[in-house]
Amino acid sequence: MSDRPIRITVDGEALTGIAGQSVAGVLLAAGRISWRTTRSGAPRGVFCGIGACFDCLLTVNDVPDVRACRRPAADGDEIRTQSREENT
Amino acid sequence: MSRHVVIVGAGPAGLAAVEHALRAGARVTVLDQAESPGGQYHRRPPGADAARHGRSDFDRRRRLLAHPRCRWWPGAAVWAFDRVENRLHVLRGQPDGSGRRRLTLVPDALILATGAHDRTLPFPGWELPGVYTAGAAQALAKGERVAIGGRVLVAGAGPFLLPVAESLLDVGAEVVAVLEANPFTTVRKGWSARPWRLAAQAGKAGELGRYAATLARHRVPYRFGRAVIEARGADSVREVVTAGVRADWSIIPGTERTYEVDAVCVGHGFVPQPELAVAAGCVLDGGFVKVDGEQRTTVDGVFAAGEITGIGGAVTSAAEGAVAGRAAAGEKPAPALIRARDRALTFAGRLASAHPIGTAWRSWLREDTIVCRCEETTYGELVRATTDPARPGPHALKLGTRAGLGPCQGRMCGPAVSELCGGTERHHRPIAQPIRLGELAARTEGEPG
Ligand SMILES: Cc1cc2nc3c(=O)[nH]c(=O)nc-3n(C[C@H](O)[C@H](O)[C@H](O)COP(=O)(O)OP(=O)(O)OC[C@H]3O[C@@H](n4cnc5c(N)ncnc54)[C@H](O)[C@@H]3O)c2cc1C
Ligand code: FES
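This write-up is about the structure you can find in this document. Because the structure is a prediction, the values reported are computed rather than measured.

Opposite the 36 residues of chain A that make contact, chain B presents 47 residues. Between chain A and chain B lies a buried interface of about 3,400 Å² when both sides are counted; carbon and sulfur atoms form 56% of it. Our count for the chain A to chain B interface comes out at four salt bridges. Between Glu 375 of chain B and Arg 39 of chain A there is a salt bridge, and its shortest N-O distance comes to 2.4 Å. Our count for the contact surface shared by chain A and chain B stands at 15 residue pairs in polar contact (both at pLDDT 80 or more). No other element matches strand 6 (residues 63–67) of chain A, which puts five residues into the side of chain A that touches chain B. Partitioning the side of chain A that touches chain B into residue classes produces 19 nonpolar, nine polar and eight charged.

Another aspect to go through is unusual backbone geometry. Residues and elements named next belong to chain B. For Glu 376, which is not a glycine, the phi torsion comes out positive at approximately 55°. Residue Gln 409 is not a glycine yet carries a positive backbone phi of 55°. Mapped onto the elements of the fold, Gln 409 is located in the loop between helix 11 (394–401) and helix 12 (414–421).

Here we take up the sheet that holds strand 2 (residues 27–31) of chain B. Residues and elements named next belong to chain B. The strand order across the open sheet built from five strands is 3-2-1-7-20, with neighbouring strands paired in parallel fashion. In this open sheet, the two edge strands, each paired with only one partner strand, are strand 3 (70–73) and strand 20 (302–304). Each strand of the sheet is rotated relative to its neighbour by a mean of 15°, with strand direction disregarded. Of the strand pairs in this sheet, strand 2 and strand 3 are connected by four bridges, and their pairing is parallel. The partner of Val 28 across the bridge, within strand 3, is Cys 70. Contacting strand 1 (4–8), strand 2, strand 3 and strand 7 (109–112), helix 1 (residues 12–23) runs over the sheet at an angle of about 170° to strand 2.

Take the packing of helix 8 (residues 313–328) of chain B against helix 9 (residues 335–354) of chain B next. Geometry of a packed helix pair, given as the angle between the helix axes and the separation of the axes. Residue and element names in this part refer to chain B. Contact pair helix 8 / helix 9: the axes reach a minimum separation of 8 Å and the direction vectors enclose 150°. Considered as vectors, helix 8 and helix 9 are oriented roughly antiparallel to each other. Considering how the two elements wind past one another, helix 8 and helix 9 form a crossing that is left-handed. For the pair helix 8 and helix 9, contact is made by Thr 316, Ala 319, Glu 320, Ala 322, Val 323 and Arg 326 and by Leu 337, Ile 338, Ala 340, Arg 341, Ala 344, Leu 345 and Phe 347, respectively. A class-by-class count of the residues in the contact of helix 8 with helix 9 yields nine nonpolar, one polar and three charged.

What counts and what doesn't
Residues numbered from 1 in each chain as written. Chains lettered and ligands numbered in written order. Predicted model: local features only at pLDDT ≥ 70, side-chain atom pairs only at ≥ 80, totals over all residues. Heavy atoms only, no water. Contact = heavy atoms within 4.5 Å. Buried area = accessible area lost by both parts, 1.4 Å probe. Salt bridge = Lys/Arg side-chain N within 4 Å of Asp/Glu carboxyl O. Polar contact = N/O pair within 3.5 Å; in protein donor to acceptor, adjacent residues only side chain to side chain. Helix = DSSP H or I, 4+ residues; strand = E, 2+ residues; numbered from the N terminus. Nonpolar A, V, L, I, M, F, W, Y, C, P; charged D, E, K, R; others polar. Pairing = 2+ DSSP bridges. Axes fitted to C-alpha atoms, helices over the stretch in contact; angles between N-to-C directions. Parallel < 35°, antiparallel > 145°, perpendicular 65-115°, else oblique. Left-handed = near helix turned anticlockwise from the far one by under 90°.

So this is what it looks like as structure tokens:
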């Protein structure tokens, strides 16, 4: 494992991950297990881990509705957590 | 010019298909939405160059992606198949990103090897953060070296729970128990009927033995006839309730037990991802793509292999891929390949009979238990809707309760909703992968040279 570190920000807070990890992996490794709220306001994070459930949506570099489990994290990514209303 | 075989999915099935289509002389394009080949099985942490399991076959097949007659497109999501024009629609670029490239391919033969995702039955609290599918726990541990929690309970049905527990231990999680809902008698009967037929999969038996030893070494109990029936916590899981269940998975009163955990992963087998096959017009059988002895679907020129045709693990998937690769390239698959595939299918049959889904799982549900995670439709709402004479039929039911109409389009709740409402699951998702409106409006680029 090359362990090349990368840095991303989540709602302005800096987090460190390893190149090749998904955005979900970086968030979970940092102890964040939820980052989205449903219409009723319930928190959600990762469920299926492979892009099928859409529970892990967040905003990456101003693009909303990105599945955190499918998107490789890139150095400098700016992540925003999102609620469902924000984009409908 | 030789036949152009297009293969969607570079998991065990797709990669075996690549190898055999090349051997039969075809030109091959293989694409996968992931950045690296291997699918769900051959996963490895960032930077690691060798997969842990099935290494030699995988390494040989992965090298073939650089073959002069092979074109490999990673990061390529296939979002539609137009059966009238025989045209496959592909988006290349960052997953769910903007500005992806739109491309199309017109294959001489198409092999669909899009695999499966976990099936998780609903139970009270399964929507809480900290509840994961078994596959998610596996993908994060094996592919990213991330543990989903410190104290984890692993539960559900099927032998897949064992490698999941092993991977969790590998990344430093404490696994409090592994629970198989089926009783030991069901599991034993399923696996040991006509044991000589299993000899072909002797490697599998060794693998299971290794998992059992790992669990014993870490003092992780592996229990039969127990299930997770509830997850509790305010904003995330704090504890899970398990109970002893009968062979039909009904709860045995008085056997409840509570564990304090910060994560739980649950898997009740797998469901296929047949969207593209449905778009192509292929007939399904029990949700799986129907194929003949040479992996042909019911649509001319379209083949299917791997877990979209039935759940049988990586070895079975690869055996099917090999047959599909030869046949799609226009060659008759050698009898040895067919025999290997048929032996592997026996294993798949065993898996299904040793780890069935008990019909009484619905007795775990309560009025307010969420069944559709996206739309937060509850069990109570579904039951009321099915008994409402003004809403006959699955379509009206969906519109009335919104079950299955959220972003996942019923991928998670589909089998449960159809079981609870007494219908068959409808796999009607015209778009296999999400596409942004801007991308849809953009001019289509032709097939690149
Ligand atoms: C999350 C998860 C983890 C698993 N881990 C293990 C494990 O560690 N050990 C084990 O024995 N079994 C594991 N399994 C079981 C596994 O499904 C099979 O044994 C095996 O990988 C199936 O092979 P396959 O080739 O049929 O499909 P897969 O390996 O699932 O490969 C399918 C491929 O198709 C691609 N794909 C799907 N749809 C599209 C599309 N529209 N466009 C482009 N590409 C697409 C996917 O990205 C994927 O790479 C896991 C299953 C899941 C769901
Ligand atoms: S966790 Fe299911 S889509 Fe990302």
